[in-house]
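Structural overview
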Amino acid sequence: MPELPEIEAYLHALRPRIVDATLEATRIASFSLLRTYDPPIEDTAGRRVVDVHRIGKRVSIDLEHDLHLVIHLMVAGRFAWRETAGAIPKRGGLASFDFTSGSLLLTEAGTKRRASLSVVTTAGLDAVDPGGIEVDDATLEAFTDALLAGRHTLKRALTDARHLSGIGGAFADEILHEARLSPTQMNTNLSPDELARLHAASRDVLARWTAIRIDETGDGFPTKVTAFHPSMAVHGKFGQPCPVCGAPVQRIVSGGRETNYCPGCQTQGRILADRSLSRLLKDDWPRHIDEL
């Protein structure tokens, strides 16, 4: 799923391309994409784009006269830019937003259609906003209140969009590695020092990776938006050496979602139990990094 840094890279590429351009038409190929009916999608045609901005992991194309196209890419949705409007691909094509400056194509890999498009007024933006605070300008006190809004593991607490904005599984892994905290530690068990480390790591990781994504985009348009990157410390690096301590990166899988962590940096050498694999292996499951 594109997270805050990837969404910011999209916005960086979209601003010079569509701000002040006019939206001529929105062509929708997937009936499941449009989630609202009032205002109707037809009302957006002929309106000038005044800005684009991020709402959590959503992109809002802000049109004159109080209308917004809010797009949630979910897991597999992606944007592509075309200089001229063309046919929407039959495989994976969801919609095309045709501007006087070019065409923004929305696609989604796979067969599940989870991406969404909502047409809302400014007064209706709150309805599509999960409500999480922005980490980059959050004080330690505000961050702590958001993190402790419910009793969860740190991985789940960081990725709860109702409380913290824009963080998904990939950057939660990177944040927890930088903060030297276990993904399965309960948020209610953190010391003041650990809370401060997690706050600082969250701001640092998101800011650094936003800069990386934008720098990689340059004047072009993002074409390889993925949750994995060779420069990441632990996410997607199962079995590879941690760049800090050299221990092999481990993973746990739950509900089809993978968490990567370094046992040397984050769990005092302990190997976290995987709900399925550890039960299968039982006594053969390694408990400590020395047993790997």
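To start, this report covers the structure provided alongside it. Keep in mind the model is a prediction, meaning the values are calculated, not measured.

1. Observations regarding the overall build of the protein
From N to C terminus, the protein includes 7 helices and 10 strands. Computed over its C-alpha atoms, the radius of gyration of the protein comes to 21 Å, within 12% of the 19 Å expected for a compact globule of 292 residues. In terms of principal-axis extent, the alpha carbons of the protein reach across some 65 × 40 × 35 Å. Expressed as a percentage of the 292 residues in the protein, the buried residues total 50%. Here the contacts in the protein between residues at least 6 apart in sequence split such that 60% fall between residues at least 24 apart. Working note: accessible area of the protein is about 14100 Å², and carbon and sulfur atoms make up 51% of it. A distance of 8 Å separates the average location of the 34 positive side-chain charges in the protein from that of its 38 negative side-chain charges.

2. What about the layout of surface pockets?
The space that makes up the largest pocket amounts to roughly 1300 Å³. Lining of the largest pocket is provided by 42 residues; of these, K155, T159, G169, R257 and E258 occupy positions nearest its centre. Those elements giving two or more residues to the lining of the largest pocket turn out to be α3 (154-158), α4 (169-179), β9 (250-254) and β10 (257-261). Its residues assigned to classes, the lining of the largest pocket comprises 15 nonpolar, 15 polar and 12 charged.

3. Details of the packing of helix α2 (residues 140-147) against helix α5 (residues 192-217)
For any two helices packed against each other, the geometry comes down to the angle between their axes and how far apart the axes lie. The N-to-C vectors of α2 and α5 enclose an angle of 100°; their axes lie 10 Å apart at closest approach. In this view, α2 runs roughly perpendicular relative to α5, as classed from their interaxial angle. Listed contacts from α5 to L140, F143, T144 and L147 of α2 are L195, A196, L198, H199 and S202. Of the residues assigned to the contact of α2 with α5, the class counts are 6 nonpolar, 3 polar and no charged.

4. Digging into the packing of aromatic side chains
Evaluated as defined, the whole model comprises 3 aromatic pairs. With a centroid separation of 5.9 Å and an interplanar angle of 45°, the aromatic rings of Y10 and F221 are classed as tilted. Of this pair, Y10 sits in helix α1 (residues 4-18) while F221 sits in the loop between α5 and β9, and the two are 211 residues apart along the sequence. Given a relative accessible area of 14%, F221 falls into the buried group.

5. Looking at the packing of α1 against α5
For the pair α1 and α5, interaxial distance at closest approach is 8 Å and the crossing angle is 40°. With respect to α5, the element α1 is oriented oblique. Crossing angle aside, the handedness with which α1 passes α5 is right-handed. Contacts between α1 and α5 pair L4, P5, E6, E8, A9, H12 and A13 from the former with L206, W209, T210, R213, I214 and T217 from the latter. Residue classes in the contact of α1 with α5 are distributed as 7 nonpolar, 3 polar and 3 charged.

What counts as what
Residues numbered from 1 in each chain as written. Predicted model: local features only at pLDDT ≥ 70, side-chain atom pairs only at ≥ 80, totals over all residues. Heavy atoms only, no water. Helix = DSSP H or I, 4+ residues; strand = E, 2+ residues; numbered from the N terminus. Rg over C-alpha atoms; globule rule 2.2 N^0.38 Å. Buried < 20%, exposed > 50% of the residue type's maximum accessible area, 1.4 Å probe, protein only. Contact = heavy atoms within 4.5 Å. Areas by Shrake-Rupley, 256 points an atom, 1.4 Å probe, with all protein chains shown as cover. Lys, Arg positive; Asp, Glu negative; His and termini not counted. Charge placed at Lys NZ, Arg CZ, Asp CG, Glu CD. 1 Å grid on protein atoms, 1.4 Å probe; cavity = no way out; pocket = protein on both sides within 12 Å on 5 of 7 lines; lining within 4 Å. Points joined across faces, edges and corners; volume = space filled by probe spheres on them. Nonpolar A, V, L, I, M, F, W, Y, C, P; charged D, E, K, R; others polar. Axes fitted to C-alpha atoms, helices over the stretch in contact; angles between N-to-C directions. Parallel < 35°, antiparallel > 145°, perpendicular 65-115°, else oblique. Phe/Tyr/Trp six-rings, centres within 6.5 Å; stacked < 30°, edge-to-face > 60°. Left-handed = near helix turned anticlockwise from the far one by under 90°.

None of the figures reported here should be taken as evidence of function without further support.
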